[in-house]
Structures are given as structure tokens and as C-alpha cells.
Amino acid sequence: MKKLVYIFSLLLLACACNLEDFEPQTSRDADKVRLSLSLSVPEAQSLTRAMDDKPQLQTLHLVVFDQNGMLVEYAQAQNLVKATENGTLYKFDVALTISDTPRHIHFVGNSPAAPKFGMETEVMTAMETKSGADAYWYRKTIAKIDATTDAEGKLIPTEETKAAFGVIPLVRNFAKIVVTSSANNFRLDSYAIAGRPVKGKVAPYNRTKGDFQDFVNSVKTDGSIEMKKYDALTVEGYDAFSPTGVGLDFNLAD
């Protein structure tokens, strides 16, 4: 009996150590395949002087979870470049581990920090942005990441895998405000925003559905994004879940 207790205790210590010291790593480079992908960011007019009217996408990371929702990979995109003059369509390369099972992938632009090991809901709902920083996000499930070899024996993604990714439609963590009037004598000189949240979630979670909220209706062939309307999000039960103790900024900003 004593031996069983000791063995069980050692197992607990081993598990605790593995969880504590885990850093997202992938398998050998030979198991990875390099993909060249595209992503699109919707245009929006500037809301504050700190944000431009064009996407300011500095970095892009892919946070990858397995079919059980466990973090298995954290990959940074390479060669991230604007593919259109207005900067709403980007191209990038990324090396991902080959998988015969589904992968849930979060695309995070301007990632605030590398995630800690854990389950998908735990890891992604902990990711926050603050101080007026713009973040970009989208979640996509890929049935498998498959590869074949070219004439030189180099691993390349299959056509099915490339098609499964398609154009990734990133969404912003801030909104567009439009003021309209039918009055002939109306002129907008300035505007001010008060009561802004001082921080927010990067990956919006729908607590009603128990899943991450999808804001995208469709992505057109030219890369433009058709977003869901507010009423549609309300019907789906999305309540704009905010971080604990988020607080509001009542200093007017124009």
C-alpha cells in the first residue's frame, strides 16, 4: 500500500512539473509544412488619434489547439506583408506541424504575450489588450494539416489543406462610429467618446453558447469581409464579455 501511495505522489509531482515548465513547442522540423496564406482585415475609420484608419498589423501568431482543446503549438508568421495598397489584405508564411486530426487555430494580430500551456477556453480568454492597443483575431478549425512531397522530396501542403485555410478574415478589437444626418445645416466639427473600457478580450467568448464568437458572415473572392450585424450577434447570445474589473475611462477623447 505504501508503495502505491509513493508512486501516485510521484506521478502528481511529475504532472505538476510538466504543466509548470511547459513552453509551447512543436515536433521535429521534418514534421512541419510551410504554408503561404492570406488574411484580410476590414477597413475602419480612426476612433482615436492613437489609431490609424488603416490596419496596423505588426505581428501575427497562430495559437494551435488539438481536437481536445489542448494547446499544442504557438507559431509566429513570417514574411508578413501588405498585399494591397490600403493595407487590408496581407500575405504571410507559417510552418505548422502536420496533423491527421482536427486543429483549432486562433490567428492573433499584435499578440500581447505568448500564451501559457492549458485548455483553449482558459488560454484564449486570458489574452487581453489594453492602453488603446489594437489587436486582431480570428478562430478557424482545420480538419487536418496534410502534406505531400515535391520532385525534390520537400514537404509541401496539399491542395486540400491550402483550400481549407482560404483567406483568414481577421476582426478588430475596436469599432467604427458613423455619424449621419439628413439636416441641411448639419456639420460635424468634432466628436468625443467617454466611458471607454480600459482593456478588453482579444478573443471574444460567447458565454451563452460556450464557444468563441464568430463575427464574420462571409469572405468574398476579393478578400473583403461581410460582417454580422449587431442584431445577429444578440440573437446568438453574445454579451460582449469583458475582463474582470475592466473599469471605464471617462476622459473625453476626440
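Quick caveat, the model's predicted, so the values are computed rather than measured.

## Quick notes on the sheet that holds strand β5 (residues 89–97)
- The strand order across the open sheet built from 4 strands is β4-β5-β1-β11, with neighbouring strands paired in mixed fashion. Pairing within the sheet leaves two strands with one partner each, and these edge strands are β4 (78–82) and β11 (167–169). Looking at each pair of strands side by side, their axes are set apart by 30° on average, direction ignored.
- As paired elements, strand β1 (residues 32–40) and β11 share 3 bridges and run parallel to each other. Each residue of the ladder has a partner; that of Ser40, found in β11, is Pro169.

## Side note on the sheet that holds strand β3 (residues 71–76)
- If you trace the 5 strands from one edge of the open sheet to the other, you get β3-β2-β6-β8-β12, paired in antiparallel fashion. Strand pairing shows two members of the sheet lacking a second neighbour, β3 and β12 (171–172), which therefore form its edges.
- With 7 bridges connecting them, strand β6 (residues 103–109) and strand β8 (residues 136–142) associate as antiparallel partners. Along β8, the bridge assignment pairs Phe107 with Tyr138.

## Side note on unusual backbone geometry
- Of note, Asn79 is a non-glycine position whose phi angle comes to about 55°, a positive value.
- Examined against the element boundaries, Asn79 turns out to sit in strand β4.
- Positive phi outside glycine occurs at Asn110, with the angle close to 60°.
- Within the element layout of this structure, Asn110 appears in the loop between β6 and α2 (120–125).
- The class for Asn110 is buried, based on a relative accessible area of 17%.

## Points about the pairing of β5
- For β5, a buried count of 7 out of 9 residues is recorded, marking the element as mostly surrounded by other parts of the structure.
- Examined bridge by bridge, β1 and β5 share 9 bridges and lie antiparallel to one another. Among the inter-strand pairings, Arg34 is bridged to a residue of β5, identified as Ala95.
- In this sheet, β5 lies alongside β4 in antiparallel orientation, the contact comprising 3 bridges. Looking at β5, one finds that Val81 is bridged to Lys91.

## Details of the packing of aromatic side chains
- Taken as a whole, this structure holds 3 aromatic pairs when the rule is applied.
- Relative to Tyr138, the ring of Trp137 lies with its centre 6.3 Å away and its plane at 55°, an arrangement referred to as tilted. This pair shows no difference in class: Trp137 is buried, exactly as Tyr138 is.
- Ring geometry for Tyr205 versus Phe212: centroids 5.2 Å apart, planes at 75°, classification edge-to-face.

## Description of the confidence of the model for the chain
- The share of residues in the chain with pLDDT of 70 or more is 69%, and the mean pLDDT across the chain is 76.
- Strand β2 (residues 60–65) holds the highest mean pLDDT among the elements of the chain, 96, whereas helix α1 (residues 2–21) holds the lowest, 38.
- Segment residues 1–30: pLDDT under 50, and 13 contacts once partners within four positions in sequence are set aside and those in other chains are kept.
- Predicted confidence for residues 45–52 stays below pLDDT 50, and this span has 20 contacts to residues more than four positions away or in other chains.

## Section: the pattern of salt bridges
- Evaluated as defined, the whole model comprises 4 salt bridges.
- We note a salt bridge from Arg34 to Asp93, for which the minimum N-O separation is 3.7 Å. Note that Arg34 is positioned in strand β1 and Asp93 in strand β5, a separation of 59 residues in sequence.
- Residue Arg34 is classed as partly exposed on the basis of its relative accessible area of 44%.
- Exposure remark for Asp93: the relative accessible area of 15% places this residue in the buried category.
- Taking the shortest distance from any N to any O, the salt bridge between Lys162 and Glu159 comes out at 2.9 Å. With Lys162 and Glu159 both in helix α3 (residues 159–165) and 3 residues apart, the pair spans about one turn of that helix.

## Regarding the side chain of Thr125
- Along the chain, Thr125 falls in helix α2.
- A polar contact of 2.4 Å, which involves the side chain of Thr125, links it to the backbone oxygen of Thr121.
- Setting aside residues no more than four positions away along its own chain, Thr125 makes contact with Glu120, Lys201, Tyr205 and Phe212.

What counts, and at which threshold
- Residues numbered from 1 in each chain as written.
- Predicted model: local features only at pLDDT ≥ 70, side-chain atom pairs only at ≥ 80, totals over all residues.
- Heavy atoms only, no water.
- Pairing = 2+ DSSP bridges.
- Helix = DSSP H or I, 4+ residues; strand = E, 2+ residues; numbered from the N terminus.
- Axes fitted to C-alpha atoms, helices over the stretch in contact; angles between N-to-C directions.
- Buried < 20%, exposed > 50% of the residue type's maximum accessible area, 1.4 Å probe, protein only.
- Phe/Tyr/Trp six-rings, centres within 6.5 Å; stacked < 30°, edge-to-face > 60°.
- pLDDT = per-residue confidence, 0-100.
- Contact = heavy atoms within 4.5 Å.
- Salt bridge = Lys/Arg side-chain N within 4 Å of Asp/Glu carboxyl O.
- Polar contact = N/O pair within 3.5 Å; in protein donor to acceptor, adjacent residues only side chain to side chain.

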